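# Analysis of the macromolecular model
For reference, the chains in residue letters:
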Amino acid sequence: MKLAKIRILTGYNAIIGALLAILGFGTSCEQLARCEYGTPSAKFIVSGKVVSSETNLPVQNVRVVMKGDTTFTNASGEYQVMDKYAFPMNQTYSVKFQDIKGEALRQYSDLDTTVEFKNPVFVKGDGHWYSGETEKDIDVKLKPKK
């Protein structure tokens, strides 16, 4: 009697184990699509040139700040800032331009501007979580400080 119960329970355990194995392999995501973890991202780039509003000449060493990225204009007044890990959808950024010389030496007034990416088109994506990058050129004229 005891031996019969053990055989029945062993048989049930084998059936349950086989069903769980079939369900486990049958519902794995590898058969339907590749499993990926993370968040979609894209790179938003703002670049351009900073010139004087009076002389139209390039302004060097202007600090340009956009969402955690800071750069300075080169001798030609050119700059590039970016948000490397933004969600790939419409984005709006505040971009600040600051003459960083000491208060007595500052020649230009600061400028805050807004850059909007509406319906951005991305290039160089990998087809998975990284959608690619999009860029806008924004040229700025700084007013001399009075």
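Going by the structure above, here's the rest.
Presented here is an overview of the structure given in this document. None of these values were measured; they are calculated from a predicted model.

Conventions we followed
Residues numbered from 1 in each chain as written. Predicted model: local features only at pLDDT ≥ 70, side-chain atom pairs only at ≥ 80, totals over all residues. Heavy atoms only, no water. Helix = DSSP H or I, 4+ residues; strand = E, 2+ residues; numbered from the N terminus. Buried < 20%, exposed > 50% of the residue type's maximum accessible area, 1.4 Å probe, protein only. Contact = heavy atoms within 4.5 Å. Areas by Shrake-Rupley, 256 points an atom, 1.4 Å probe, with all protein chains shown as cover. Pairing = 2+ DSSP bridges. Axes fitted to C-alpha atoms, helices over the stretch in contact; angles between N-to-C directions. Phe/Tyr/Trp six-rings, centres within 6.5 Å; stacked < 30°, edge-to-face > 60°.

## Description of the overall build of the protein chain
- Check the secondary structure of the protein chain and you find 1 helix and 8 strands.
- Sequence-ordered secondary structure for the protein chain, helices as α and strands as β, is α-β-β-β-β-β-β-β-β.
- Relative to its full complement of 146 residues, the protein chain shows a buried share of 25%.
- When contacts within the protein chain are restricted to residue pairs at least 6 apart in sequence, long-range pairs at least 24 apart make up 62% of them.
- Carbon and sulfur atoms form 56% of the exposed surface of the protein chain, whose accessible area is close to 10200 Å².

## Some remarks on the sheet that holds strand β5 (residues 91–99)
- One open sheet accounts for 4 strands, arranged β3-β2-β5-β6; its pairing is antiparallel. Strands at the two margins of the open sheet, each flanked by one partner only, are β3 (69–72) and β6 (111–117). Ignoring which end each strand starts from, the neighbouring axes of this sheet average 20 degrees apart.
- Pairing of strand β2 (residues 62–66) with β5 involves 5 bridges; the strand directions are antiparallel. Counted as the bridge partner of Val64 is Phe97 from β5.

## Observations concerning the packing of aromatic side chains
- The tally for this structure, following the rule as stated, stands at 5 aromatic pairs.
- Centre to centre, the rings of Phe44 and Tyr93 are 5.9 Å apart; their planes meet at 50 degrees, and the pair counts as tilted. Placement of Phe44 in strand β1 (residues 41–52) and of Tyr93 in strand β5 is noted, with a sequence separation of 49 residues between them.
- Accessibility expressed as a relative area gives 4% for Tyr93, which makes it buried.
- A centroid spacing of 6.0 Å and a plane angle of 85 degrees characterise the contact between Tyr93 and Phe117, whose relative ring orientation is edge-to-face. Separated by 24 residues along the polypeptide, Tyr93 in strand β5 and Phe117 in strand β6 bring together distant segments of the chain.

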